[in-house]
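Structural features, examined
Chain by chain, the residues run as shown.
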Amino acid sequence: MPFNRRHMTMRKSLLGATLVLLACASAGALAQDRDRDRPGNGPGPGAGPSRPGPGPGAGPGRPGPVRPGPGRPGPGPGARFDGRYGHNHYYPSRGYVYGTLPVGAISVGFGSGSYFFHGGVWYRPYSGRYIVVQPPLGIYINTLPPDYATVWVAGTPYYYADDVYYNVAPGRGYVVVAAPPGVDTTQTAPPPAPAPAAPDPIFYPRNNQSPAQTEADRRDCNAWATSQPQAMADAKVFQRATDACMDGRGYTVR
């Protein structure tokens, strides 16, 4: 083979080998980039501006971490259990910041600002987000929280939820008030309800009266019982008069 042709063939072989090596190196670099970008593979030491790490944590006097949006708090991080008065409910801690308000939050104006209320939790706008706060005294709301405890003080009911006390505000719904004096020693439910009324008596026809006749006699005896002294003021007197009338018409009362 002539020298020039042999020399050209060697140059082509070297050039091909160089291209193969470059292609392999590029493929390896791309594979490493893909591995770094997979979920769960965080940046290694010395990550640059294109791969930021977590921001500064919340410290004293600084709002807590930003959450995407509040749901119904449960026994997890950031939730606070309120067991006072047997309330037994979870709420987000004061100072928590959310990116959005819960669906159905109510806007409440107060002074020169505004608050938002949902599920017993109060929020205020905070740098384009919303922070959980203690509501101011005197702010009105047209509905109570869905979960609350009733606290009776000197015969007056107060409604409690998430360290907040509410009182009835005629014509305006409810108003946030200070904790009433002596709440730690008061009962947390209304006084016991009166005993339930005795069940309706059963009238058994001793003389084989038909159902229609039994009903007619019952109506007549009820009408007669209303004419007896004190029957309209005392249910027991009314029932005794009705029973006596039905017994006189041939019914056994049970």
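Structure: above.
Here's a quick rundown of the structure. (Residues numbered from 1 in each chain as written. Predicted model: local features only at pLDDT ≥ 70, side-chain atom pairs only at ≥ 80, totals over all residues. Heavy atoms only, no water.)

1. Overview of helix α3 (residues 235-248)
Test applied: Runs of E in the DSSP output that reach at least two residues are strands. Runs of H or I that reach at least four are helices, and both are numbered from the N terminus. For a helix, the expected span equals 1.5 Å multiplied by the residue count minus one. A 1.4 Å probe rolled over the protein chains alone gives each residue an accessible area, and that area as a share of the maximum for its type sets the label: buried under 20%, exposed over 50%, partly exposed in between. What the arc covers is the set of directions going from the helix axis to the C-beta atoms.
Taking 1.5 Å per residue, 14 residues should reach 20 Å; α3 reaches 20 Å between its end C-alpha atoms and fits that length. Among all positions of α3, only V237, A241, T242, C245 and M246 are buried. Within α3, the buried residues cover an arc of 165° as seen down the axis, which keeps them to one side. Within α3, the exposed residues directed more than 90 degrees away from the buried face are K236 and R240.

2. Considerations on the pattern of salt bridges
Rules: Any carboxyl oxygen of Asp or Glu that lies within 4 Å of a side-chain nitrogen of Lys or Arg is treated as forming a salt bridge with it.
One pass over the full model with this rule turns up six salt bridges. Measuring nitrogen to oxygen at the nearest pair gives 2.9 Å for the salt bridge that ties D162 to R94. Placement of the pair is D162 in the loop between β11 (156-161) and β12 (164-169) and R94 in the loop between β3 (89-92) and β4 (97-98), with a sequence separation of 68 residues. Accessibility expressed as a relative area gives 1% for D162, which makes it buried. A salt bridge links R206 to D247, with the nearest nitrogen and oxygen atoms 3.3 Å apart. A residue pair is termed long-range when its members are at least 10 positions apart, and R206 in the loop between β14 (203-205) and α2 (211-225) and D247 in helix α3 qualify at 41 residues. The class of R206 is partly exposed, set by a relative accessible area of 40%. The exposure class of D247 is partly exposed, given its relative accessible area of 40%.

3. Describing the state of the cysteines
Heads up, the rule is: The rule for a disulfide is simple: a pair of cysteine sulfur atoms within 2.5 Å.
Considering all chains together, one arrives at one disulfide under this definition. Residue pairing for C221: its cysteine sulfur links by disulfide to C245, the two sulfurs lying 2.1 Å apart. Measuring handedness by torsion sign, the sulfur bridge of C221 and C245 sits at about -70° and is left-handed. In this pair, C221 is assigned in helix α2 and C245 in helix α3, connecting sequence segments 24 residues apart.

4. Things to note about the packing of α2 against α3
The condition is simple: Fitted lines through C-alpha atoms serve as axes, helices being fitted only where they are in contact, and the angles separating the N-to-C directions of these axes extend from 0 to 180 degrees. Angle categories: roughly parallel below 35 degrees, roughly antiparallel above 145, roughly perpendicular from 65 to 115, and oblique for all the rest. Handedness of each helix crossing follows the sense of rotation of the near helix against the far helix: counterclockwise by less than a right angle gives left-handed, clockwise gives right-handed. The criterion used for residue contact is that any of the two residues' heavy atoms lie within 4.5 Å. Amino acid classes used here: Ala, Val, Leu, Ile, Met, Phe, Trp, Tyr, Cys and Pro are nonpolar; Asp, Glu, Lys and Arg are charged; the rest, including Gly, are polar.
The interhelical angle for the contact between α2 and α3, taken along N-to-C directions, is 135°, at an axis separation of 8 Å. On the basis of their axis angle, the class for α2 and α3 is oblique. Along this stretch, α2 crosses α3, giving a crossing that reads as right-handed. Across the interface between the two elements, T214, D217, R218, C221, N222, W224 and A225 from α2 touch F238, A241, T242, C245 and M246 from α3. Across the contact of α2 with α3, the residue classes break down as seven nonpolar, three polar and two charged.

5. Comments concerning the nonpolar core
As a reminder, the rule being used: Buried residues of nine kinds, namely Ala, Val, Leu, Ile, Met, Phe, Trp, Tyr and Cys, make up a nonpolar core once their side-chain atoms join them within 4.5 Å.
One finds W122, I139, I141, Y166 and V176 to be the most contacted residues of the largest nonpolar core, which totals 14 residues. Elements with a minimum of two residues in this core: β6 (113-118), β8 (129-133) and β12. When near neighbours in sequence (up to four residues on either side) are disregarded, I141 contacts I106, V108, F117, W122, Y166, R172, G173 and Y174.

6. A few points about unusual backbone geometry
The phi angle at S127 is positive, at roughly 50°, despite the residue not being glycine. Mapping S127 onto the fold places it in the loop between β7 (121-126) and β8. Exposure remark for S127: the relative accessible area of 63% places this residue in the exposed category. Positive phi is not limited to glycine here, since D163 has a value of about 65°. Residue placement: D163 occurs in the loop between β11 and β12.

Structural measurements only, silent on function.
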